[in-house]
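Observations on chain architecture
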Amino acid sequence: MATELALPAGSGTATKTKLAIIMFSGTADKFLALGVLSQAAAALGTEVDLFVSGFALLGFTKEHHDLPFAIEFAGMARAMAQGLETSRVGPWDTMVRQAKELGAKVHACSMMSGVMGLALGDFNDLIDDIVGAASFIQMAEGGQTLFI
Amino acid sequence: MTDAAVVTKVDSRGTACPGPITDLAMAYRRSKVGDTIEIWATDPGFKPDVQAWAAKTGNPIISLEEGPEKITAVIRVVRR
């Protein structure tokens, strides 16, 4: 079925919008949501800022940490992994990398980095910088904010 | 315009959301005003997603067809 869309050339709003995501959870299932949403938003031309805090910081360290699955769905982890492979859904960090290629920025929370003994050099190249909460709130101003 | 308009074909069949829309965004980044991008996808969310992308970026969809094997969208690049 062909759809002719009544959108004349140049009539789009082409609005510059912002999405800020606070990534707090450190479980594998939620990292997938982070990857999908940040990649999709960046592909749409939305300005994307991720603020990584809490246990989620462990997903961004040079040292590898196995990310646990949310305990209430742990029994489904294997089936989910198979489903993701069948549907050819890439790993979450590849999605975040793709989002960064499209302009997304990733910031580590200074307070939780300190609590966990992590300096900038301990993070992998996905992390752009370490900022405080106030900086992030200012980045997020005027846009949408999601807490994962 | 110094360069002739080009038609870029992007095959995103088999990739899941947000793969097709990302492939489109990457092709868009390499395009210039006047170009046309034709993209093939099989992800069931692609049809509404490409319309959202077009509305958001302000580039019109010339045609959008859902066939038995794939969704085909043709986009004209009118702004960068």
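Fair warning: this is a prediction, and the values are worked out from it, not measured in the lab.

**Quick word on the overall build of chain B**
A count of helices and strands for chain B gives 2 helices and 4 strands. Sequence-ordered secondary structure for chain B, helices as α and strands as β, is β-α-β-α-β-β. Taken over the C-alpha trace, chain B has a radius of gyration of 12 Å; the compact-globule value for 80 residues is 12 Å, and the two agree within 12%. Across its three principal directions, the C-alpha atoms of chain B cover 40 × 20 × 20 Å. Evaluated residue by residue, chain B yields a buried proportion of 36% over its 80 residues. Residue pairs in contact within chain B that sit at least 24 positions apart in sequence constitute 58% of those at least 6 positions apart.

**Regarding the overall build of chain A**
The number of helices and strands found in chain A is 5 helices and 6 strands. Per-residue burial for chain A yields a buried fraction of 32% across its 148 residues. Restricting to contacts in chain A with at least 6 residues of sequence separation, those with at least 24 account for 81%.

**Points about the confidence of the model for chain B**
Fine structural detail should not be taken from predicted coordinates in areas where pLDDT scores are low. With 98% of its residues at a pLDDT of 70 or more, chain B shows a mean pLDDT of 94. With a pTM of 0.86, the predicted complex shows an ipTM of 0.83.

**Concerning the environment of Val115 of chain A**
Relative to the helices and strands, Val115 of chain A resides in helix 4 (residues 110–115). Along the sequence, Val115 of chain A and Ser53 of chain A sit 62 residues apart, while their C-alpha atoms lie 11 Å from each other.

**With respect to the sheet that holds strand 4 (residues 105–109) of chain A**
All names here are of chain A. As summarised here, the arrangement of the 5 strands in space is 5-4-3-2-6, forming an open sheet in which the pairing is parallel. The sheet terminates laterally at strand 5 (129–131) and strand 6 (144–147), the two strands that pair on one side only. Across this sheet, the average inter-strand angle for adjacent strands is 25°, counted without regard to direction. Alignment of strand 2 (residues 18–23) against strand 3 (residues 47–52), held across 6 bridges, turns out to be parallel. Within strand 3, the position partnered with Leu19 by the bridge is Val48. Strand contacts of helix 1 (residues 28–43): strand 2, strand 3 and strand 6, with the helix running at about 165° to strand 2, the strand carrying the most contacts.

**Some thoughts on the nonpolar core**
Within the largest apolar cluster, 50 residues are counted, with the highest numbers of intra-cluster contacts made by Met23, Leu50, Phe51 and Val52 of chain A together with Leu24 and Val50 of chain B. For Leu24 of chain B, the residues in contact, after removing those within four places along its chain, are Val10, Ile37, Ile39, Val50 and Trp53 of chain B.

**Topic: the pairing of strand 1 (residues 7–12) of chain B**
All names here are of chain B. Of the pairings in the sheet, the one linking strand 1 to strand 2 (residues 36–41) comprises 6 bridges and is parallel in character. If you follow Asp11 over to strand 2, its bridge partner there is Trp40. Note on the crossover from strand 1 through helix 1 (residues 19–30) to strand 2: the handedness is right-handed.

**Details of helix 1 of chain A**
All names here are of chain A. With 16 residues, helix 1 should reach 22 Å at 1.5 Å per residue; the first-to-last C-alpha distance of 23 Å fits that figure. For helix 1, the tally of buried residues reaches 12 of 16 residues, placing the bulk of the element in the interior. Considered for burial, the residues of helix 1 that qualify are Ala28, Lys30, Phe31, Leu34, Gly35, Val36, Ser38, Gln39, Ala40, Ala41, Ala42 and Ala43.

**Quick look at the packing of helix 1 of chain B against helix 2 (residues 46–57) of chain B**
All names here are of chain B. Between helix 1 and helix 2, whose axes approach to 9 Å, the crossing angle comes to 35°. For the pair helix 1 and helix 2, the sense of crossing is right-handed. Taking contact as the criterion, the partners of Pro20, Ile21 and Leu24 in helix 1 are, on helix 2, Phe46, Asp49, Val50 and Trp53.

What counts as what
- Residues numbered from 1 in each chain as written.
- Chains lettered and ligands numbered in written order.
- Predicted model: local features only at pLDDT ≥ 70, side-chain atom pairs only at ≥ 80, totals over all residues.
- Helix = DSSP H or I, 4+ residues; strand = E, 2+ residues; numbered from the N terminus.
- Rg over C-alpha atoms; globule rule 2.2 N^0.38 Å.
- Buried ≥ 20, exposed ≤ 12 C-beta atoms within 10 Å, placed from the backbone.
- Contact = placed C-beta atoms within 7 Å.
- pLDDT = per-residue confidence, 0-100.
- Pairing = 2+ DSSP bridges.
- Axes fitted to C-alpha atoms, helices over the stretch in contact; angles between N-to-C directions.
- Core = buried A, V, L, I, M, F, W, Y, C linked by C-beta atoms within 7 Å.
- Right-handed = clockwise from strand over helix to strand, strands pointing away.
- Expected span 1.5 Å × (residues − 1).
- Left-handed = near helix turned anticlockwise from the far one by under 90°.

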